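Chain and residue survey
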Amino acid sequence: MAITFEAMYSYLKALHIIFIVTWFSGLFYIVRLFIYNTEANDRPEAERKILQQQFNLMAKKLWLAITWPSAILTLILGPTVLYLYGSIDTWMWIKLGFVLGLYLYHFSLQRIYSEQQKGVFRFTSSQLRIWNEVATIFLVAIVMLVTVKSNMSFVWGLIGLILFVILLMSAVKIYKLLREKK
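Just so it is clear, the structure is predicted and the values come from calculations on it, not from any experiment. (Residues numbered from 1 in each chain as written. Predicted model: local features only at pLDDT ≥ 70, side-chain atom pairs only at ≥ 80, totals over all residues. Heavy atoms only, no water.)

All right, on to the environment of threonine 80 then. By the element assignment, threonine 80 lies in helix H2 (residues 45-85). For the pair threonine 80 and alanine 40, spaced 40 residues apart in the sequence, the C-alpha separation amounts to 43 Å. (Helix = DSSP H or I, 4+ residues; strand = E, 2+ residues; numbered from the N terminus.)

Given below as structure tokens:
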């Protein structure tokens, strides 16, 4: 029983989506670990040392065993599926621009990961909370482009994304105010 082109395409596309999901899971969780690791600096020395060792270990396993492999497999499978798809529409070029931005974001997290593994903390937990939402913005933009494709007006899509960013950053600000109130 030979596998058809359509079946091969479907399997590769499914694998691509699976690795996108695991990659995003890693991107979302790694920044939470950065935040907890940073906040451990406010603890007494003995507690701080134990917490940071644990957070560094968790970050290392997540980053190296899940996030990086998922990013690499996404990068391999994405162009493969795109090649099999056969054509690149305008929406795909815009999506690829967001994907490039997502990889740049990933590399920025690699830098924070490397620094924190060495005990260097350049960002506050509040700054990291804001940075954590960047992945959400990329996720929304990419999923909207893939789902709606050419049915979406570029202008309305951009306006919607800007409104989403404003709403998201407002939620982060409100959360910060609530935390400070406690």
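Still to come is the rest of the account.
Right, let's get into the packing of helix H1 (residues 5-39) against helix H3 (residues 90-117). Following both chains from N to C, one finds H1 and H3 inclined at 35°, their axes separated by 11 Å at the closest point. As for the relative orientation of H1 and H3, their crossing is left-handed in sense. Across the interface between the two elements, Trp23, Phe24, Leu27, Ile30, Val31, Leu33, Phe34, Asn37 and Thr38 of H1 pack against Leu102, Tyr103, Tyr105, His106, Leu109, Ile112, Tyr113 and Gln116 of H3. Of the residues belonging to the contact of H1 with H3, the class tally is 13 nonpolar, four polar and no charged. (Axes fitted to C-alpha atoms, helices over the stretch in contact; angles between N-to-C directions. Left-handed = near helix turned anticlockwise from the far one by under 90°. Contact = heavy atoms within 4.5 Å. Nonpolar A, V, L, I, M, F, W, Y, C, P; charged D, E, K, R; others polar.)

Structurally, glutamine 52 is set in helix H2. A distance of 3.0 Å separates a polar side-chain atom of glutamine 52 from the backbone oxygen of asparagine 37. Every residue in contact with glutamine 52, bar those within four places of it in the chain, is listed here: Asn37, Ala40, Asn41 and Phe121. (Polar contact = N/O pair within 3.5 Å; in protein donor to acceptor, adjacent residues only side chain to side chain.)

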